[in-house]
Every structure is written in C-alpha cells, then in structure tokens.
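Breakdown of the fold
If you want the building blocks of each chain, they are given just below.
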There are 2 protein chains.
Amino acid sequence: MHRNFVLKGTVCYSQSPHALVTLPDAYLVCEEGVCAGVFAGWPEAYRAFPLTDCGTKLIVPGLIDLHVHAPQYAFRGLGMDLELLEWLAAHTFPEESKYRDLGYAREAYTAFVDALTRGPNTRACVFATCHLPATRLLMDLLEASGLVTLVGKVNMDRNAPDGLREASAENSLRDTRAWLEGIEKRYERTAPILTPRFIPSCTDELMRGIAAIQNEWGLPVQSHLSENPGEIAWVRELCPNAAFYGDAYDQFGLFGGDVPTVMAHCVGSDEREIERMSEKGVFVAHCPQSNANLSSGIAPVRRFLSRGLRVGLGSDVAGGCHTSIFRAMADAIQMSKLRWRLVDADDKALSLAEAFYLGTKGGGAFFGKVGSFETGYEFDALVIDDSALAAPFTLTPEERLARVVYSEGESRIVAKYARGRTVFAA
Amino acid sequence: MHRNFVLKGTVCYSQSPHALVTLPDAYLVCEEGVCAGVFAGWPEAYRAFPLTDCGTKLIVPGLIDLHVHAPQYAFRGLGMDLELLEWLAAHTFPEESKYRDLGYAREAYTAFVDALTRGPNTRACVFATCHLPATRLLMDLLEASGLVTLVGKVNMDRNAPDGLREASAENSLRDTRAWLEGIEKRYERTAPILTPRFIPSCTDELMRGIAAIQNEWGLPVQSHLSENPGEIAWVRELCPNAAFYGDAYDQFGLFGGDVPTVMAHCVGSDEREIERMSEKGVFVAHCPQSNANLSSGIAPVRRFLSRGLRVGLGSDVAGGCHTSIFRAMADAIQMSKLRWRLVDADDKALSLAEAFYLGTKGGGAFFGKVGSFETGYEFDALVIDDSALAAPFTLTPEERLARVVYSEGESRIVAKYARGRTVFAA
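Figured I'd write up the structure that's included with this text.

Thresholds, definitions, all that
- Residues numbered from 1 in each chain as written.
- Chains lettered and ligands numbered in written order.
- Predicted model: local features only at pLDDT ≥ 70, side-chain atom pairs only at ≥ 80, totals over all residues.
- Heavy atoms only, no water.
- Helix = DSSP H or I, 4+ residues; strand = E, 2+ residues; numbered from the N terminus.
- Rg over C-alpha atoms; globule rule 2.2 N^0.38 Å.
- Buried < 20%, exposed > 50% of the residue type's maximum accessible area, 1.4 Å probe, protein only.
- Contact = heavy atoms within 4.5 Å.
- Areas by Shrake-Rupley, 256 points an atom, 1.4 Å probe, with all protein chains shown as cover.
- Pairing = 2+ DSSP bridges.
- Axes fitted to C-alpha atoms, helices over the stretch in contact; angles between N-to-C directions.
- Least-squares fit on C-alpha atoms with pLDDT ≥ 70 in both.
- Core = buried A, V, L, I, M, F, W, Y, C linked by side-chain atoms within 4.5 Å.
- Phe/Tyr/Trp six-rings, centres within 6.5 Å; stacked < 30°, edge-to-face > 60°.
- Lys NZ or Arg CZ within 6 Å of the ring centre and 35° of its normal.
- 1 Å grid on protein atoms, 1.4 Å probe; cavity = no way out; pocket = protein on both sides within 12 Å on 5 of 7 lines; lining within 4 Å.
- Points joined across faces, edges and corners; volume = space filled by probe spheres on them.
- Nonpolar A, V, L, I, M, F, W, Y, C, P; charged D, E, K, R; others polar.
- Buried area = accessible area lost by both parts, 1.4 Å probe.
- Salt bridge = Lys/Arg side-chain N within 4 Å of Asp/Glu carboxyl O.
- Polar contact = N/O pair within 3.5 Å; in protein donor to acceptor, adjacent residues only side chain to side chain.

1. Comments concerning the overall build of chain A
Within chain A, the regular secondary structure consists of 13 helices and 17 strands. For a compact globule of 426 residues, the expected C-alpha radius of gyration is about 22 Å, and chain A comes in at 21 Å, within 12% of that figure. Its C-alpha atoms put chain A at 60 × 50 × 40 Å along the principal axes. Counting all 426 residues of chain A, 65% fall into the buried class. For chain A, restricting intrachain contacts to residue pairs at least 6 apart in sequence, the fraction spanning at least 24 positions comes to 75%. Looking at chain A as shown, the accessible area adds up to about 14,100 Å², and 49% of this sits on carbon and sulfur atoms.

2. Let's talk about the sheet that holds strand β6 (residues 121-127) of chain A
Residue and element names in this part refer to chain A. Here four strands make up an open sheet; going across it, the order is β5-β6-β7-β9 and the pairing parallel. Looking at the sheet topology across the chains shown, the edges are occupied by β5 (63-69) and β9 (190-192). Strand-to-strand, the axes of this sheet are offset by a mean angle of 20°, without reference to chain direction. As judged from the five bridges shared by β5 and β6, these two strands associate in the parallel manner.

3. Remarks on unusual backbone geometry
Of the consecutive residues V317 of chain A and A318 of chain A, the connecting peptide bond is found in the cis state with omega at 10°. Even without glycine at this site, E32 of chain B takes up a positive phi of about 55°.

4. Brief notes about the relation of the copies chain B and chain A
Each of the two chain copies can be generated from the other by rotation about an axis followed by a shift along it. Overlaying chain B with chain A gives an RMSD of 0.0 Å, the required rotation being 180° about an axis along which the chain moves by 0.0 Å. The relationship between the two copies is best expressed as a two-fold rotation axis. Both copies present the same face, since 100% of the interface residues in chain B are matched by interface residues at the equivalent positions in chain A.

5. As for the nonpolar core
In this structure, L138, M277 and F326 of chain A together with L138, M277 and F326 of chain B are the most contacted members of the largest nonpolar core, which totals 229 residues. Apart from the residues lying within four places of it in its own chain, the contact partners of F326 of chain A are V60, L63, P120, F356, L382, I384, V404, V405 and E408 of chain A.

6. Side note on the packing of aromatic side chains
All names here are of chain A. Enumeration over the complete set of coordinates arrives at 32 aromatic pairs over all chains. Taken together, a centroid distance of 5.2 Å and an interplanar angle of 85° make the contact between F5 and F379 edge-to-face. One end of the pair, F5, is in strand β1 (residues 5-16); the other, F379, is in the loop between α12 (352-364) and β15 (381-385), with 374 residues separating them in the sequence. The exposure classification of F5 matches that of F379, with both residues buried. A connected cluster of aromatic rings, assembled from ring pairs, spans F5, Y13, F373, F379 and Y417. One cation-aromatic arrangement involves R76 over Y73; the distance from NZ or CZ to the ring centre is 4.0 Å.

7. Here we look at the layout of surface pockets
Size it by volume and the largest pocket reaches roughly 1,400 Å³. Considering the residues around the largest pocket, the lining is formed by 44 residues, among which E408, G409 and E410 of chain A together with G409 and E410 of chain B are closest to the centre. Every element with two or more residues in the lining of the largest pocket is listed here: α2 (102-118), α11 (325-342) and β16 (412-418) of chain A together with α2 (102-118), α11 (325-342), α13 (397-406) and β16 (412-418) of chain B. The dominant element in the lining of the largest pocket, judged by the number of residues it contributes, is α2 of chain B, at four residues. Partitioning the lining of the largest pocket into residue classes produces 19 nonpolar, 12 polar and 13 charged.

8. Here's the deal with the interface of chain B and chain A
Residue-level contacts link 50 residues of chain B with 50 residues of chain A. Interface area for chain B against chain A, summed over the two sides, is near 4,000 Å², with a carbon-plus-sulfur share of 54%. Here chain B and chain A share two salt bridges between them. Counting across the chain B and chain A interface gives 16 residue pairs in polar contact (both at pLDDT 80 or more). Taken together, the elements giving at least two residues each to the side of chain B that touches chain A come down to α2, α9 (288-293), α11 and α13 of chain B. Sort the elements by how many residues they give to the side of chain B that touches chain A and α11 of chain B lands first, with nine residues.

9. What about the environment of A26 of chain B?
Residues and elements named next belong to chain B. Residue placement: A26 occurs in strand β2 (residues 20-31). Since its relative accessible area comes to 1%, A26 is described here as buried. Considering only alpha carbons, one finds A26 and H265, 239 residues apart in sequence, at a separation of 37 Å. When near neighbours in sequence (up to four residues on either side) are disregarded, A26 contacts L7, K8, G9, V11, V38 and F39.

10. Points about the pattern of salt bridges
If you walk through the whole model with that rule in mind, you get 52 salt bridges over all chains. Note that E354 of chain A and R302 of chain A form a salt bridge whose closest N and O atoms lie 2.7 Å from each other. Taken as a pair, E354 of chain A in helix α12 and R302 of chain A in helix α10 (residues 301-306) lie far apart in primary sequence, 52 residues in all. There is no split in this pair, since E354 of chain A and R302 of chain A are both buried. For R123 of chain B, the salt bridge goes to D380 of chain B, with nearest N and O atoms at 2.6 Å. Taken together, the residues R123 of chain B in strand β6 (residues 121-127) and D380 of chain B in the loop between α12 (352-364) and β15 (381-385) connect sequence positions 257 residues apart. One exposure class covers both R123 of chain B and D380 of chain B, and it is buried. The network of salt bridges with shared partners includes E271, R303, R307, R339, D344 and D347 of chain A.

Quick look at the structure:
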C-alpha cells in the first residue's frame, strides 16, 4: 500500500469559504494517508517518496456528498413531476421495497457503487434501506471500492407501505442492533450512521430507542429536516409539542450537541431552527438540485453561513439526478442567485469559491479533517484532466476549476485517492 | 446523398406540448429529406429504401437551440459571479473584440462548431460578432458541419468598447449589406438573420436602417428582450417613448408580424409585452440556465404557453454553460418548479413532455416544419444509445427519454441527421 507519495500538478483547495488556494507546479505530499503539505519545490524530507508528475493537471480534494440514497440511484431522473410526499409514495417506497431481494440489491447497488467510484466524490453519507442483508451488501461493496463512507440502515416504523415499513419500533431497534453487531470491526473505510428516515416515518418509541442506541454506541446520526412545505406541515401535526421541526429531533436527543448530526435540506428552516442548529453544531446537507426537482424551494444557505452553521453539499440522489458534487456546486450557485433575485435580496449569492468550499472542506468536516490539503488533513484527492475544456486563451487555475464545476462530466478524472489509498489511477 | 432511408427503433416525438408519442420497434421513413411517417411495420412503398435497424435505441427529433452566441463558447463557465450588464462589460465585449483576428476566430469557432456537431442540436439561431470575415468563417464552418442554422452578424453602434462598437450606424448598415451580398447563394443550410444586439447597443438610426434592410431582404430577426432588471431599467431610460421594452423594437417594425422574430429571455415581460408578442407572433427563446447564472430570474413560461405564445429553448452560451438543449429542457423544468414555489403558484411547473416539446417542435417552428416526426416535417433526427443509463428494471420509452434529458451527457448520440442528411453516424 503506497500511502507515502508526492503528486505534482496544479493544486487547488479551500482554506475557508473565501480562501481558495491555487498553486501551479506544486508538490502535494501524502504521508501515511495524511496531507503533509503543499510545496513550491520537492522538499528534501520527501525525496524518498515516489513522485507522480501530473503536469498541469488539476489536483483537488475529493468531493464530499453529505446526503445520498443508494437505493434511489436506480430511478434517478424518473417520476420528477411530483412533490416530496407524493414522490415518496409513488416511486421511492415501492422501489425501496425491492431491496428485500438480495439479488436485486446486488445489481442495483453495484451500479450505484460503480458510479460513485468513477465520479469525483471520495466520501458520502449514505442512506440504505431498512433491509439488513442488502445494507450489509452495500457496505461490503463500498468498502471494496476504496471510498470512505458512513452508511445507514434506515429506521421507519410508520407511514410507509407494508412491504417496507418495519413491523414495530421493537423490530426496527432489534434489527438495528443486529446490523451494528454484525458489522462490528468488519470494515476499515465503511462505518455505520444511525438513520431514522424522518420524523413522519418514526414513532416516538422508535426515536427513543435510536437515541438509546446512539448513546450506547456513540454513533453519528443523519436524517431529513424541513425539506418541503407539505412535509413541514405534517410534522407540525405529528409533533404538536415540538416548537419546530428540528425541535422534534432535539427532544429525543438526536440533534447535535454530543451527537454528530447531519440534516438534509433545511429549505424551510426558520430562525429558531437555524439558531438551534447553530447552538448544537448540526451539519446542513444542502441539496439544491433535489430541492428544485421536488418543488421544495431554495434553502437559505447564505443565512446558514453567516450564522456560522456547518454546511456541506448533498446530491440527494434520486431527488437529485446527479451523483457528482461538482454538479451540486454549480446548482448551489445558480439556486442562490435565484433566491437572491426572487426571495431575499439581503442574502447574496454564493461565489464559486464558496460552493467549492461547501463541497470539499465544508462537508468534509463531518468526517474529521477532510476536504482540504492543509497539513494534517486526510489525503483525499482527484487528478483531473480538463484538456477537453481548453479555451483559445490561457485559463488561470481558478478559471479552469470554474469550468470543471460548471461543465461537470466534460473533464476526466484520471486518478482518485481516499485516505491516501489509490481508488483508481489511469 | 442518401436522403431516402428508413430507421427502425424506439421513436419518440411531440405532436403538441401534451402529446408525446413513443413507439417501440417503429419504422421512421425519410423521403427526400422529409419525414414520410412513422409506421408499426415496414410499408411496402418504402421497401426499396435502405433500412438501418437501431434496435431498441431511442430516435428523437434533432434539438433546436433558439439562442446561442458562438463567440462566447470560448468563455463558458467563466466570470459567472456578475449580472448581465457587468458581465457584458467585463467578459463578453472584451472577448468578442478578439474576433477581429481571423486566426483567433478560426480556432474558437472551430471548437464551437465541433461541440455543436457532436451534441444533440441540429438547428440553431446563432449570434456571431460584428466582424464580417469572422462571421463568414463561422457560416462556412457551420455549413460544412451539416447543421442547419440562422447566423447573425451583430449590429451594435453604441454602448460598447471602442474595439467592438461599430463606428456609426452607417458603417454598421453598410457592413450588414456587404455581409448579405457576400454570402448570397453561398450556402444550402446556413442563412442570415438580422441581429441588432439589443436596444442599448443600437441607435435609432441603426434600428431604422436594419428595418429597411429587413424590408428589402425579407430576413428574420433575433435579439434580446427583458432579460434582467438592470437592462430593463436602462431601456426605459433610453426609450422614453416606448410603452415597454418590446414596444421599442415594435416601433421600428422589428417585432414580429410579417417579420419572423425571435426574442431571447423575456424574464421580465409584463402583461402588455406578452400581449404584444402574442399578437405579433414573436417567438420566445427561453434560456433558463443563463437566467439563473446571470441572476436575471425565471421567465414566466407557463404564462407564455397559456397565452398561446410561440416558445422554444435556448442555451444562451455563454450566459448558459451548456450547448445541449437536453440540458435546457431539464433546467426549464427545474426553474419552472422554483417559479411555481417562489413566485406564482398559479403558474404550474412544466412537465417533461412540455419541456421536450419546447426543445423540439416548439423551437423548430421558427425554422418551418421542424422538430417533429409528423408527416411532412423536415427530417432532423438523433439516434441515442442510452445503455449507460439502464436500470435494474425495465424502463418505458418515456422513462428512458426522461433519463436522457435529466442525465444529459451520460447517453451517447450514435447518429445524427439534419434535413435527411447524415451529420454523423457511428
């Protein structure tokens, strides 16, 4: 395992939302899977490390997908004429029911993991389904891919069809424990994350039980929050004692604080919810394309950032159709411009540097020191051949990066590393 | 030249915004460059025509780009942090100035035409620059590509930098006549379209002169309309006697009626402007991605359609970053959903069938009987291998089409025809 090496190329990474560093002909050092620095010359101390000269190719941190549904990859781009709750009932739940069949799961999850592996993301927070064998299979496939992921067996004991809804809170919790025990020490790069689907899918008893498991195992949590007006109104009915949607999670102890928590969407989060997320350090997975596809709206990302919230990007396949977080960056910028124009002229649009930050270091923070090339960061990197995006004039590194983001799919990832391990190299 | 042939495959086309026809194993007949019909079996009358069996591949009409700037292709995806007027000044005008250099124009236009040729569009309304040799070169390249296009030498005699602004209305008009005379009878598939850039770029004298040329030559007209609030306010200042922006064109006789006219954007068109476009049969080129990138807003496409306006889609490269009108279809749907959610709940979102119609038959109408496989339509077609978008279950033809639209770039165009002529075939 070559976890000590040097890459030479045009290095780009974020230090902060406003500080995008670009260094042509730079030496990027990986030492024991961790970034040992970016240097203008090849430091003496690392002369023994093998060097790969990538020429003028771009080298950027691996991208971070804070929210993706593995079993929905199979139907991306379909049934997009519905809103969230109708779409779940008509498309998502029937499709997810199929994952009881391990043969089906193998075919579908293999395609998902292949796509993820080929693409620019190195990390992801992944929803599976409630099915144990299929979830374990997904984790096996992800582990073999070299990607670093958090994967959740979904909990859902109400408001779902018979074939998918878990029989009771007790069953759901027993299965969750069995899942956790069954995978203990099984993986190096694949870890479990507790995944109550969303408030409408989980009884109070189930939420209390998940909190107990969280407490016992010390696991992170992922779920959905304030995505769509219909859903928000429903949660208000279901939880009359919650001050707001996020408060319903918080009442069960599943909303940040000591519990690493990432909540997808937050399109309709009001001031109180934003305040609570800020206090408790809850991560927001901003999923702009999904929020357009399901007519949810545009999340107030500028407000999240100015309040100091921790924000990353999510593909939300299959609410979103694209796994690549480059696409999510472009979508996030475009949506923020429309929000500025149509909703609130005080919330200025995201810049390219900010969107790049969100899709790398911003989301990476949920995984630790991840998503940058600052010293001490885990070494996730992409080497990108953007020659198909050349112009008849010289592009600066920032311009090349902008073009890679906006023209997602037109450049070619020639090498990909996660935690210093080669995922692939041409 | 094989302009008589039969393609067999899964044929999809629009009859109307709501009538999407899909026929598996259908025989699509091209006779003398015109669609002779779609048949369940191979008609006796066409047994002498060569048959290409495309298996289950999708066969759809070529896509129509009603608005694209050829000289902006070189800087797509760059400088997207500005609004329209600032973006024109900082990026567009300096770049367009370079097209005085024919060597530069050759390199840049070759890349543009190559991209257009490889992609799914078969027709386009193209803005060049004000430079004669470069515009003629662009037309030569487009003619050689096999695509069918309307190309405009741009007119602009005010509010542009010295290197780009034409010296006077007289100069601009003389150049326009010289351009038209120089290309007369030169092309089979490439025709001129009069192109006053937009009101702020053209003095009254120039507009009157363009109207005189229009009258003399009977040419169509393309321009920009009500794109961005800053621009609309500026036009109000520049044309105090115009009732609204479109009225300024109309006062010069360059706004539909007997003059085939396509106006890009119409984001800020008010009721009076919509009414006038309806009366005069002005086409709208809806450019959703550009309108997001330049923070312009979301055009009221639903209102255009319900008022019976003639609407197609435009890439508006480089306001938009993508030449493919498949991408514009997906963008149009997503933006219409956000408009429904954020601006006007009475204007319901576009369906996939409607967006597909806009990008084919809707825009195609500007070129005549174009954009459908109904009998008598000019034969523009794409054969699409969408096997990379397969699912672990059987997709209907409509679902396959939806996925091709949403996952633009992930399917492969294996053959492309325009007016019955093969643009390429694998």
